[in-house]
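# Structure assessment
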Amino acid sequence: MGRRDHRETMNDRHAGLLTRIATYQFGPGADDALFPDVDALDVSTTSSGRPRQVRDGDDRLLEYGSDGRFTLGVAGGRRLQAGLDAPRHRVVVGDDSEPFVREGRNAFAKFVQSADEEIRPGDEVLVVHDEGDLLAVGRAELPGEAMLDFQTGMAVKVRHGAGPADEA
């Protein structure tokens, strides 16, 4: 049987759960960055009522995984980038990686210029250009500190690229 999602506006029960998870996963201020106006957001739920995706209109902010953690959409990444001070949850790459990461290709350690030292493998991260543009969101494969030490290997498994620069 396939999943059936039900879309509804965010209610108090969902808002409380999702804001607690945002604060736990991304730290203080993440709940305000992701959900500044909970009344304007839509939540798709499973048939059991469990939240699955949070959207602001057509923009997917995040998905609530079965492991109890969020996976970010590009719109959610943009909100976190605007709401959290650098370097929190950021992996910075330069011009060599920029077009590939924007397309949704993975970010490799060799091209990482800086990274939040608090990043742990499995964390949701923002991949940003050294000039500040959000390039992608994805899952860290290495600790933040190690991303700078390694010359080979994947630093971030990119889940969603931000698309061409003129769309950003």
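So, a few notes on the structure that sits alongside this text.

## Overview of the overall build of the protein chain
For the protein chain, the helix and strand inventory stands at five helices and eleven strands. Against the globule reference of 15 Å for 168 residues, the protein chain gives a C-alpha radius of gyration of 16 Å, in line with a compact fold. For the protein chain, the C-alpha atoms occupy an extent of roughly 45 × 35 × 30 Å along the three principal directions. By the burial criterion, 46% of the 168 residues in the protein chain qualify as buried.

## Points about the pattern of salt bridges
All chains considered together, the criterion is met by nine salt bridges. Residues Arg 69 and Asp 123 are paired through a salt bridge, measuring 3.5 Å at the closest nitrogen-oxygen approach. Of the two residues, Arg 69 is situated in the loop between strand 4 (59-64) and strand 5 (70-72) and Asp 123 in the loop between strand 8 (112-115) and strand 9 (124-129); the sequence distance between them amounts to 54 residues. Of the residues examined, Asp 123 reaches a relative accessible area of 8% and is grouped as buried. Across the salt bridge formed by Arg 120 and Asp 123, the nearest N and O atoms sit 3.4 Å from each other. One network of salt bridges, in which partners are shared, links Arg 69, Arg 120 and Asp 123.

## A short note on the sheet that holds strand 10 (residues 134-140)
Hydrogen bonds along the backbone pair up the strands of a sheet, which may run parallel or antiparallel. Across the sheet, which stays open at both edges, the six strands sit in the order 7-11-10-9-6-8 with mixed pairing between neighbours. At either margin of the open sheet sits one strand with a lone partner, and together these are strand 7 (107-108) and strand 8. Bridging between strand 6 (residues 90-93) and strand 8 involves three bridges; their strand directions are antiparallel. Of the residues in strand 8, the one forming a bridge with Val 92 is Ser 114.

## What about helix 1 (residues 12-26)?
Given 3.6 residues per helical turn, the α-helix brings residues three or four places apart onto the same face. For helix 1, with 15 residues, the first-to-last C-alpha span of 21 Å sits near the 21 Å given by 1.5 Å per residue. Where helix 1 is concerned, the buried positions are His 14, Ala 15, Gly 16, Leu 18, Ile 21, Ala 22, Gln 25 and Phe 26.

## So, the environment of His 89
Along the chain, His 89 turns up in the loop between helix 3 (74-83) and strand 6. A relative accessible area of 11% places His 89 in the buried class. Among all residues touching His 89, those that are not within four sequence positions of it are Gln 25, Phe 26, Leu 84, Asp 116, Ile 119, Glu 124, Val 125 and Leu 126.

## Description of the layout of surface pockets
Taken as a whole, the largest pocket holds about 210 Å³ of empty space. The residue makeup of the lining of the largest pocket, split by class, is three nonpolar, two polar and six charged.

## Quick look at unusual backbone geometry
Among all residues save glycine, negative phi is the norm, and among peptide bonds the norm is trans. Look at the link from Ala 86 to Pro 87: it is a cis peptide, with omega at 10 degrees. Unusually for a residue other than glycine, His 89 sits at a positive phi of about 60 degrees.

## Examining the side chain of Arg 102
Examined against the element boundaries, Arg 102 turns out to sit in helix 4 (residues 98-102). A polar contact is formed between the side chain of Arg 102 and the side chain of Glu 98, at a distance of 2.5 Å.

## Looking at the packing of aromatic side chains
One pass over the full model with this rule turns up two aromatic pairs. Ring geometry for Phe 35 against Phe 70: centres 6.4 Å apart, planes inclined by 75 degrees, an arrangement best described as edge-to-face. In this pair, Phe 35 is assigned in the loop between helix 2 (30-34) and strand 2 (42-45) and Phe 70 in strand 5, connecting sequence segments 35 residues apart. A relative accessible area of 4% means that Phe 35 is categorised as buried. Here Phe 70 falls in the buried class, since its relative accessible area comes to 1%. Through pairs of rings, three or more aromatic residues link up here, namely Phe 35, Tyr 64 and Phe 70.

The rules behind these values
Residues numbered from 1 in each chain as written. Predicted model: local features only at pLDDT ≥ 70, side-chain atom pairs only at ≥ 80, totals over all residues. Heavy atoms only, no water. Helix = DSSP H or I, 4+ residues; strand = E, 2+ residues; numbered from the N terminus. Rg over C-alpha atoms; globule rule 2.2 N^0.38 Å. Buried < 20%, exposed > 50% of the residue type's maximum accessible area, 1.4 Å probe, protein only. Salt bridge = Lys/Arg side-chain N within 4 Å of Asp/Glu carboxyl O. Pairing = 2+ DSSP bridges. Expected span 1.5 Å × (residues − 1). Contact = heavy atoms within 4.5 Å. 1 Å grid on protein atoms, 1.4 Å probe; cavity = no way out; pocket = protein on both sides within 12 Å on 5 of 7 lines; lining within 4 Å. Points joined across faces, edges and corners; volume = space filled by probe spheres on them. Nonpolar A, V, L, I, M, F, W, Y, C, P; charged D, E, K, R; others polar. Polar contact = N/O pair within 3.5 Å; in protein donor to acceptor, adjacent residues only side chain to side chain. Phe/Tyr/Trp six-rings, centres within 6.5 Å; stacked < 30°, edge-to-face > 60°.

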